[in-house]
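Observations on the model geometry
Here is how the chains run, residue by residue.
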Amino acid sequence: MFLKRLMEKASIRPIAESVQHSITYMTSGTIEYPIIPFQQYIDYYLSDPLIMSAADYIEQAVAGMGGYTTADVDIAKDGIDEFNSQINLDELHLKIAKWTTLSGDFFLERIYDAYEVETLKDPWTSAKVEITVPAKDAALVDVKPLPLSSIVSAVRTYDGTILWYNRLYKGQQTKLSPKLVVHYRWNVVDEKAFGTGWLTSMLTEGVGFTIKGKTRKREPFVKLKEKLDDASMRLAIKAIPRHVYVFPAMPLDILKEAQSRLEKLEPEQDFLTNSKELDVKEVGVSSRAVLEFFWKHIFEQFIMGTQTHHIRLFTTPGFTEASAKVADATMERKLMAIRRFIKRITEREIFDEFLRTHGIDPVQANVRWNWGLKEEPKIEVEHLIKFAELLAQGAPVVRLDELRGMLKRLGFMLTEEKQENPRG
């Protein structure tokens, strides 16, 4: 098999033994950080059901249908299809769709069968920085996702070229060359090194405003929502009826005994006494109107921030199936843009790189990713009649056994062909 031969080749050249040294590059540049540390996206995804629901919905809507490849060169398509199966591209696309739209970024690492060391110059200390890069004739053998939270920052030149990514994973700091990284960078603002996701604005505090000489900033919406969640829980608990039992003339020792017995009662149990002076007062809570107003406001901000409508199907009375269909049509335009973005990065950074490193011209092969199920041609009886006529005329369009197979699939009852006696 194509990839089996490739892996045999890779096993002959272990990575640890194939590292060589290359030329030194003198560089200058700047360091850039994500707008929001990537760990925060993961924390809020895991802790907030609304955020998780929106992210999962977008993931499935964008890449849930999978896809297939087309190409102008058969051997190129066969190699890419086998490679896609090996790296489980469908699952990778689901992760890419979720985290790229959520945070603005997702990273894959390309694995090669041989490496060398490239030496750069640190823009600030002028110290030499050695970074692992693919060897000159190395072949791409695998692709794996990088933990999003491990990417800390990017160092790049003033013209925007990435020199390396700073990574911190399990306490170990490393520098990753962009020659090893596939960076899905969505919705780039002001040509930053990192993208912007739908959750970014909700994790960012307000710009700020001044009142009586003092600057105030709105907290990030995710924190405001968490506070309202907490306040709602406290209000719900506080709304449990509380009672004050008043015994005006009861001696202190008897009062303490009554309190001890009351504390042992279950919430649904009643209290019985023969005291004529007993007075029971219920302690109420304030109106929830103000809290409900703020909760609705924050919820609306989240719906706009997630840019998804499906949550309303479960939370908003009157949001009908017809409303959902209209919202679906509007959402589809955004989904198409995301699919096209992912498709182009995958084709350029994975497909073309795989073909190039295996001696196939990517331009000539023209391997393309197509979302959705491949439409099989619909065979009509008229087509088969035409095939039979061409076959009778000696045109090698279709073989007789293939024609019979198509007729059987259409439901025709055909007798089995007689096998010739090999002995005559």
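Remember, it's a predicted structure, so these values are computed and weren't measured experimentally.

With that settled, consider the packing of aromatic side chains. Across all of its chains, the model carries 11 aromatic pairs by this definition. Relative to Tyr165, the ring of Phe107 lies with its centre 5.6 Å away and its plane at 70 degrees, an arrangement referred to as edge-to-face. With Phe107 in strand E4 (residues 105-112) and Tyr165 in strand E9 (residues 162-169), this pair connects stretches of sequence that are 58 residues apart. Here Phe107 matches Tyr165 in class, with each residue buried. On the numbers, 5.8 Å between centres and 90 degrees between planes, the contact of Trp369 with Trp371 is edge-to-face. The structure contains a cluster of three or more aromatic residues connected by ring pairs, namely Phe38, Tyr41, Phe107, Tyr165 and Phe194. The residue whose ring lies beneath Arg218 is Phe221, and the NZ or CZ to ring-centre distance is 4.1 Å.

Any region with low pLDDT has predicted coordinates that should not be read closely. Of all residues in the chain, 68% attain a pLDDT of 70 or more, and the chain-wide mean is 80. Of the regions scoring below 50 in pLDDT, residues 9-18 engages in 14 contacts with residues more than four places distant in sequence or in other chains.

Attention shifts here to unusual backbone geometry. Unusually for a residue other than glycine, Asn187 sits at a positive phi of about 55 degrees. Tracing the backbone shows Asn187 in the loop between strand E11 (181-185) and strand E12 (209-211). Phi is positive for Asp190, close to 55 degrees, though the residue is something other than glycine. Mapped onto the elements, Asp190 comes out in the loop between E11 and E12. In this structure Asp190 comes out as exposed when scored by relative accessible area, which is 63%.

Before going further, it helps to examine the pattern of salt bridges. The full count for this structure, using the stated rule, is 16 salt bridges. Here Glu205 ties to Lys217 by a salt bridge, and the two come within 3.4 Å at their closest N and O atoms. With Glu205 in the loop between E11 and E12 and Lys217 in the loop between strand E13 (214-216) and helix H6 (221-238), the pair connects residues that are 12 residues apart, well separated along the chain. Its relative accessible area of 43% is what places Glu205 among the partly exposed residues. Residue classification places Lys217 among the partly exposed residues on the basis of a relative accessible area of 45%.

On to the sheet that holds strand E2 (residues 29-32), then. Across a sheet, paired strands are connected by hydrogen bonds in the backbone, their directions being either parallel or antiparallel. One open sheet holds the 4 strands; their spatial order is E2-E8-E9-E10, and the pairing between them is antiparallel. Only two strands of the sheet have a single partner each, and these edge strands are E2 and strand E10 (172-176). Taken over all neighbouring pairs, the strand axes of this sheet differ in orientation by 20 degrees on average, direction set aside. With 4 bridges connecting them, E2 and strand E8 (residues 151-157) associate as antiparallel partners.

Before going further, it helps to examine the packing of helix H2 (residues 38-47) against helix H3 (residues 49-63). Look at H2 against H3: their axes get within 5 Å of each other, and the N-to-C directions meet at 105 degrees. Looking at the two axes, H2 sits roughly perpendicular to H3. On H3, the residues that touch Tyr44, Tyr45, Leu46 and Ser47 of H2 are Pro49, Ile51, Met52, Ala55 and Asp56. Each residue belonging to the contact of H2 with H3 can be placed in one class, and the counts come to 7 nonpolar, 1 polar and 1 charged.

As a further point, take the nonpolar core. Ranked by size, the top nonpolar core spans 70 residues in total, and within it Phe107, Leu108, Tyr184, Trp198, Leu199 and Ile342 carry the most contacts. The dominant element in this core, judged by the number of residues it contributes, is helix H10 (residues 321-356), at 10 residues. In this view, Ile342 contacts Val62, His93, Ile96, Ala97, Tyr184 and Trp371; residues no more than four positions away in its chain are not counted. Counting residues in hydrophobic clusters, the runner-up holds 6 residues, among them Ile131, Val155, Leu163 and Trp164.

Thresholds, definitions, all that
- Residues numbered from 1 in each chain as written.
- Predicted model: local features only at pLDDT ≥ 70, side-chain atom pairs only at ≥ 80, totals over all residues.
- Heavy atoms only, no water.
- Phe/Tyr/Trp six-rings, centres within 6.5 Å; stacked < 30°, edge-to-face > 60°.
- Helix = DSSP H or I, 4+ residues; strand = E, 2+ residues; numbered from the N terminus.
- Buried < 20%, exposed > 50% of the residue type's maximum accessible area, 1.4 Å probe, protein only.
- Lys NZ or Arg CZ within 6 Å of the ring centre and 35° of its normal.
- pLDDT = per-residue confidence, 0-100.
- Contact = heavy atoms within 4.5 Å.
- Salt bridge = Lys/Arg side-chain N within 4 Å of Asp/Glu carboxyl O.
- Pairing = 2+ DSSP bridges.
- Axes fitted to C-alpha atoms, helices over the stretch in contact; angles between N-to-C directions.
- Parallel < 35°, antiparallel > 145°, perpendicular 65-115°, else oblique.
- Nonpolar A, V, L, I, M, F, W, Y, C, P; charged D, E, K, R; others polar.
- Core = buried A, V, L, I, M, F, W, Y, C linked by side-chain atoms within 4.5 Å.

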